[in-house]
Amino acid sequence: VAAAIMFRQLDGSERVAAIQSHALMQLRAVVCIVLGFIVIYRNKAIHNKQHFMSTHAKFGLATIILTIAAPIGGAISFKRLGLIYRFPEAWHSPIKLLHRSVGVLVWLLAMTTIELALPHPAVSKPWLTPLWQGGIGLIVGIVLLLFFNKIKLKVEPDDTHVSKAV
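Residues numbered from 1 in each chain as written. Predicted model: local features only at pLDDT ≥ 70, side-chain atom pairs only at ≥ 80, totals over all residues. Heavy atoms only, no water.

J.: I'd love a proper account of the packing of aromatic side chains, names of residues and values included.
T.: Counted by the stated rule, this structure contains five aromatic pairs. A centroid spacing of 5.1 Å and a plane angle of 80 degrees characterise the contact between Phe147 and Phe148, whose relative ring orientation is edge-to-face. By way of ring pairs, the aromatic residues Phe37, Tyr41 and Phe52 are connected into one cluster. (Phe/Tyr/Trp six-rings, centres within 6.5 Å; stacked < 30°, edge-to-face > 60°.)

J.: Any chance you could break down the side chain of Ser77 for me, citing the residues and the numbers?
T.: Locating Ser77 in the fold gives a position in helix H3 (residues 55-77). A residue is classified by how much of its surface remains accessible, and Ser77, at 10% relative accessible area, is buried. The contact partners of Ser77, leaving out residues within four places of it in the chain, are Ile84, Ile95, Lys96 and His99. (Helix = DSSP H or I, 4+ residues; strand = E, 2+ residues; numbered from the N terminus. Buried < 20%, exposed > 50% of the residue type's maximum accessible area, 1.4 Å probe, protein only. Contact = heavy atoms within 4.5 Å.)

J.: Which residues make up H3, and what values go with them?
T.: With 23 residues, H3 extends 32 Å between its outermost C-alpha atoms, agreeing within 8% with the 33 Å of an ideal straight helix rising 1.5 Å per residue. What H3 keeps buried is the set Ala57, Thr63, Ile64, Thr67, Ala70, Gly73, Gly74 and Ser77. Buried-residue contacts for H3 involve helix H2 (12-46) and helix H4 (89-117). (Expected span 1.5 Å × (residues − 1).)

J.: An account of helix H5 (residues 128-147) is needed here, citing residue identities and associated values.
T.: Taking 1.5 Å as the rise per residue, H5 with 20 residues should run 28 Å; its terminal C-alpha atoms sit 29 Å apart, in good agreement. Inspection of H5 places Thr129, Ile136, Val140, Val143, Leu146 and Phe147 among the buried residues, and these make up the whole buried set. Along H5, the residues classed as buried sweep out an arc of 120 degrees about the axis, all on the same side. Of the exposed residues in H5, the ones pointing more than 90 degrees away from its buried face are Leu131 and Leu138. Buried positions along H5 lie against helix H1 (2-7) and H4. Backbone geometry just downstream of H5 places Asn149 in the positive-phi region, at approximately 60 degrees. (Arc of directions from axis to C-beta.)

J.: Give a detailed account of the side chain of Thr113, specifying residues and quantitative values.
T.: One can find Thr113 in helix H4. At 2.8 Å, the side chain of Thr113 forms a polar contact with the backbone oxygen of Leu109. Once residues lying within four places of it in the same chain are set aside, the contact partners of Thr113 are His56, Phe59, Gly60 and Thr63. (Polar contact = N/O pair within 3.5 Å; in protein donor to acceptor, adjacent residues only side chain to side chain.)

J.: I'd like a description of the environment of Leu105, backed by residues and values.
T.: Looking at where Leu105 falls in the secondary structure, it is placed in helix H4. With a relative accessible area of 41%, Leu105 lands in the partly exposed category. Remark: the alpha-carbon pair of Leu105 and Ala70, spanning 35 residues in sequence, is separated by 9.4 Å.

J.: Pulling in residues and values, what's your account of the environment of Val123?
T.: The topology assignment puts Val123 in the loop between H4 and H5. When residues no more than four places from it in sequence are discounted, the contact partners of Val123 are Ala117, Leu118 and Thr129.

J.: With reference to specific residues and values, describe the nonpolar core.
T.: If you look at the biggest cluster of nonpolar residues, it comprises six residues: Trp107, Met111, Leu118, Ile136, Val140 and Val143. Looking at this core, the elements with two or more residues in it are H4 and H5. If you tally residues by element for this core, the top one is H5, at three residues. When sequence neighbours within four positions are dropped, the list of residues in contact with Ile136 reads Met111, Ile114, Glu115 and Leu118. The next biggest cluster of nonpolar side chains, apart from the first, holds five residues, and it includes Phe7, Leu10, Ile19 and Phe78. (Core = buried A, V, L, I, M, F, W, Y, C linked by side-chain atoms within 4.5 Å.)

J.: Any chance you could break down the packing of H3 against H4 for me, citing the residues and the numbers?
T.: As a packed pair, H3 and H4 sit with axes 8 Å apart at the nearest point and diverge in direction by 155 degrees. When the axis of H3 is compared with that of H4, the two are roughly antiparallel. With respect to the hand of their crossing, H3 and H4 are arranged in left-handed fashion. Its residues placed into classes, the contact of H3 with H4 shows 13 nonpolar, twelve polar and one charged. (Axes fitted to C-alpha atoms, helices over the stretch in contact; angles between N-to-C directions. Parallel < 35°, antiparallel > 145°, perpendicular 65-115°, else oblique. Left-handed = near helix turned anticlockwise from the far one by under 90°. Nonpolar A, V, L, I, M, F, W, Y, C, P; charged D, E, K, R; others polar.)

Laid out in structure tokens, this is it:
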């Protein structure tokens, strides 16, 4: 999420390369997440357990659904693909904001899903679990500050680009 926030300040081919790298990384993440979901779903079916009963499972399902929706918004937003030009010009900024917002929401849901799993007896460690929970909470706070522009990140300037605050 922080990398995506940082490349918003880039221009030209540097920005296109950053967006393509982001898209590839996110595509890999979607594949891993969907495969993980399939494994968990099949394991529950094999053991005749009900699906989506716990709060953790419900948050996980919402995360999966939005994980699939976020890249669709990204593909529409990426000008090089040309999909955004099928929408009126006045919609371009809201579409891009929606993609960024859904991306952050997916990440927050994923962090919440992890937080909900940590106290489970299968993964809980008496002294480590609170440290993990605190660490995740700290990271979430930092990302939210970045997203809402409360912390300014700068990219180091090079010969072709002058950095500007996000």
